[in-house]
Structures are given as structure tokens and as C-alpha cells.
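Listed below, chain by chain, are the residues.
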Amino acid sequence: NNNIFIRSVEGYGISIDSNSADQINKIYGNRFLNNSRQAIKFSSDSYNSIIYNNYFNNTVPINTSSGGLNYFNTTESAGLSIISGIVIGENYYANSSGTGYSQTCIDANTDGLCDNPVNITDMTECIGCSGYNVDELPLRAPTPVTNCTIIDTPGKYILTNSSNIDAKLDDVKA
């Protein structure tokens, strides 16, 4: 928790070699940046790790090709996410070209979570999938605020076209 793995030894942020079915590894609250291979490498006999609320900025975030059955899910809850959002969901997937899943997924209701899960094996959207090696609630990159107006006069205002805005307009003072 709260670790940063940048260009780590042998190109992997973390390598999980093996664990028994009743042993659970939890990997959360970390940043994996620019690892030349993968952020996390799982061996074929690694099971039941729980990976959530991590920031991945790597060309290949996770290596599941050698096998292993792991969870990329936690229960959605209020709290500060790894990308400073207001909900803790799963993980944030980025890359330097701006085409990571979290950078391009759709978040129609602007809740900070991608509308569809991502298959960790090939980092593609998978509608309706769940279970091992699927991130069911990937975090979405925040939408930048544009076209703001400063309200400096007391009064009643109607907020239109909002997207999860947390503001108190009653606090405006003359």
C-alpha cells in the first residue's frame, strides 16, 4: 500500500510467483509507472490475489498470459481513489500515448467509473463479464472542467449540465 514502482528491477513492478489457494495477497493504493515489461507479473500458480485502487501507467499493465486466477475487484465505496476521485472502485489504467483503458472508456453517468468492465488479459472492454482477471469497476480519468464562470454576487442560481459537482452556492458573499 502507498508504494511507487518505477522502472523496477527486470522491468516488473511486482512479480508474484506462487501462493496457495487459501493465501490471499492484497495489492492496493500503489502507483506502477513506466515498467518496461509489466506492472504486475503473475505466475501460472498464483491465485486469489485482490488488486484494487492502483494506478497503472505502463504499456502492458498486467501479465496474466502465464495463467493465474486473480481478482481485480472490490466493493464500490465512497472514499478518495488513487486518482483523487470520490469513489474507490478498482484500478486506473493509463499509458503514455493516452490510449489506456481508463483514459478512453465511456463514463456516461460521470460517476468516475468506466461503464463497462475491462478484461485484464488483453485490456479490452468486456460487456457483462465478471470474475477472475476482470476489472468490473475500472476508474475513469476525470473530465476536465471547461467554461467556468465565477459567481461573485449573492443570489439564487440554477446549475445546469452538472456532472457530480460538489458546491455550495449559498456560501457566495458580497
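The structure this text deals with has already been given above.
None of these values were measured; they are calculated from a predicted model. (Residues numbered from 1 in each chain as written. Predicted model: local features only at pLDDT ≥ 70, side-chain atom pairs only at ≥ 80, totals over all residues. Heavy atoms only, no water.)

Colleague: Explain the overall build of the chain to me, and be specific about the residues and the numbers.
Modeller: Helix and strand content of the chain: 1 helix and 15 strands. Taking all 174 residues of the chain together, the buried fraction comes to 39%. Of all intrachain contacts in the chain linking residues separated by at least 6 positions in sequence, the fraction that spans at least 24 positions is 57%. (Helix = DSSP H or I, 4+ residues; strand = E, 2+ residues; numbered from the N terminus. Buried < 20%, exposed > 50% of the residue type's maximum accessible area, 1.4 Å probe, protein only. Contact = heavy atoms within 4.5 Å.)

Colleague: I'd love a proper account of the state of the cysteines, names of residues and values included.
Modeller: Throughout this description, disulfide means a covalent bond between two cysteine sulfur atoms. Following the criterion strictly, the structure yields 2 disulfides and no others. Covalently, cysteine 105 is tied to cysteine 114 through a disulfide, its sulfur atoms 2.0 Å apart. Classification of the bridge connecting cysteine 105 and cysteine 114 rests on its S-S torsion, roughly -70°, and on that basis the disulfide is left-handed. On the accessibility criterion, cysteine 105 (6% relative accessible area) is buried. One disulfide in the model links cysteine 126 with cysteine 129; its S-S distance is 1.9 Å. The sign of the S-S torsion, about 50°, decides the handedness of the disulfide formed by cysteine 126 and cysteine 129: right-handed. Taking relative accessible area as the criterion, cysteine 126 reaches 12% and is therefore assigned buried. Exposure remark for cysteine 129: the relative accessible area of 21% places this residue in the partly exposed category. Numbered in order of appearance, the disulfide-bonded cysteines of the chain are paired 1-2, 3-4. (Disulfide = S-S within 2.5 Å.)

Colleague: I'd like a description of the packing of aromatic side chains, backed by residues and values.
Modeller: This model, assessed by the stated rule, comprises 6 aromatic pairs. For the pair tyrosine 28 and tyrosine 52, a centre-to-centre distance of 5.2 Å together with 10° between the ring planes defines the contact as stacked. With tyrosine 28 in strand S3 (residues 26-28) and tyrosine 52 in strand S6 (residues 47-52), the pair connects residues that are 24 residues apart, well separated along the chain. You can call tyrosine 28 partly exposed: its relative accessible area is 29%. A ring pair is formed by phenylalanine 56 and tyrosine 93, whose centres lie 5.6 Å apart and whose planes are at 10°; its orientation type is stacked. Of this pair, phenylalanine 56 sits in strand S7 (residues 55-57) while tyrosine 93 sits in strand S12 (residues 92-94), and the two are 37 residues apart along the sequence. You can call phenylalanine 56 buried: its relative accessible area is 0%. Three or more aromatic residues link up through ring pairs in this structure, and these residues are Phe32, Phe56 and Tyr93. (Phe/Tyr/Trp six-rings, centres within 6.5 Å; stacked < 30°, edge-to-face > 60°.)

Colleague: Give me the lowdown on the sheet that holds S6, citing residues and values where you can.
Modeller: In spatial order, the strands read S3-S6-S9; together these 3 strands make up an open sheet with parallel pairing. Here the strands that pair on one side only, and so sit at the sheet edges, are S3 and strand S9 (69-71). Taking the axes of each pair of neighbouring strands and ignoring which way they run, one obtains an average angle of 25° across the sheet. (Pairing = 2+ DSSP bridges. Axes fitted to C-alpha atoms, helices over the stretch in contact; angles between N-to-C directions.)

Colleague: Tell me about a nonpolar patch on the surface, residues and numbers included.
Modeller: The grouping of Tyr47, Leu69, Tyr71 and Tyr132 at the surface amounts to a nonpolar patch, some 330 Å² of accessible area in total. Within the fold, tyrosine 71 resides in strand S9. Residue class for tyrosine 71 comes out partly exposed when judged on its relative accessible area of 31%. (Patch = residues over 30% accessible without salt bridge, like charges linked within 9 Å, V, L, I, M, F, W, Y side chains within 5 Å. Areas by Shrake-Rupley, 256 points an atom, 1.4 Å probe, with all protein chains shown as cover. Salt bridge = Lys/Arg side-chain N within 4 Å of Asp/Glu carboxyl O.)

Colleague: A description of the environment of lysine 41 should follow, citing residues and the corresponding values.
Modeller: Tracing the backbone shows lysine 41 in strand S5 (residues 38-45). Lysine 41 gets classed as partly exposed once you look at its relative accessible area, which sits at 27%. Residues lysine 41 and glycine 68, spaced 27 residues apart in sequence, show a C-alpha to C-alpha distance of 9.7 Å. Those residues in contact with lysine 41 that lie beyond four places of it in its chain are Tyr12, Ile14, Ser15, Ile16 and Asn63.

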